Amino acid sequence: MDEELDRLIRGVERCVVWLAGAGGVIVLIQMVWISYGVFVRYGLGKPDRMVTEATALLLFPVAFAGLAYAMREDAYPKVTMATDLLKHRMRKVFDVINHVLMLGVGLFFSYAGVSATIRAYNSGVASEILLWPRYLFWAPGALALVLFSFYAALRLIRLIRTPAAYGDR
């Protein structure tokens, strides 16, 4: 069973890396587009209205694209001053609580993102200036949040099933 879980986690981690890479590509697109917008506004004196709206709409998917990758790399900020003093078993309890909280927050935001995507799709609403369907901007963020929640659940299961380390404490 552990081999299947580890294989599933590795498969999800590949998706996590690709999604983070897609977020990086979106950041590069935003960087070029904003630079173009600044040049057109101040260099040519003709502001491009699409730049502001497009970069604002692209912020939602970018904000969540690297969420699961940060979990994979254990890159979330932690204050371990107090937990480092605990025995391994109690430290594991705090790790499980931390993962449960991350999963809960991820599930809440996943629900909100998927719900917003569905509502935007059903309403057919488009952006004001670009006239692009809004659900195209909501869907990647919702996907990233669902992937984060699924990955957090898998990591929680692995954490619960792994015995606490034994050592000095």
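Residues numbered from 1 in each chain as written. Predicted model: local features only at pLDDT ≥ 70, side-chain atom pairs only at ≥ 80, totals over all residues. Heavy atoms only, no water.

Draft legend 1. Expanded view of the packing of aromatic side chains. Evaluated as defined, the whole model comprises 7 aromatic pairs. With a centroid separation of 6.4 Å and an interplanar angle of 35°, the aromatic rings of F64 and F109 are classed as tilted. Residue F64 is located in helix α2 (residues 49-65), and its partner F109 is located in helix α4 (residues 88-123); the two are separated by 45 residues in the primary sequence. Look at F109 and you get partly exposed, because its relative accessible area is 38%. An aromatic cluster of three or more residues is present, and its members are F60, F64, F108, F109 and W138. (Phe/Tyr/Trp six-rings, centres within 6.5 Å; stacked < 30°, edge-to-face > 60°. Helix = DSSP H or I, 4+ residues; strand = E, 2+ residues; numbered from the N terminus. Buried < 20%, exposed > 50% of the residue type's maximum accessible area, 1.4 Å probe, protein only.)

Draft legend 2. Quick peek at the environment of M71. Mapping M71 onto the fold places it in helix α3 (residues 67-72). A sequence separation of 37 residues divides M71 from I34, and the C-alpha atoms of the two residues are 29 Å apart. Sequence-distant contacts of M71, that is, excluding residues within four places in its chain, are made with Y76, M102, F148, Y151, A152 and R155. (Contact = heavy atoms within 4.5 Å.)

Draft legend 3. Highlighting the side chain of H99. Topologically, H99 is positioned in helix α4. Classification of H99 by relative accessible area gives buried; the value is 12%.

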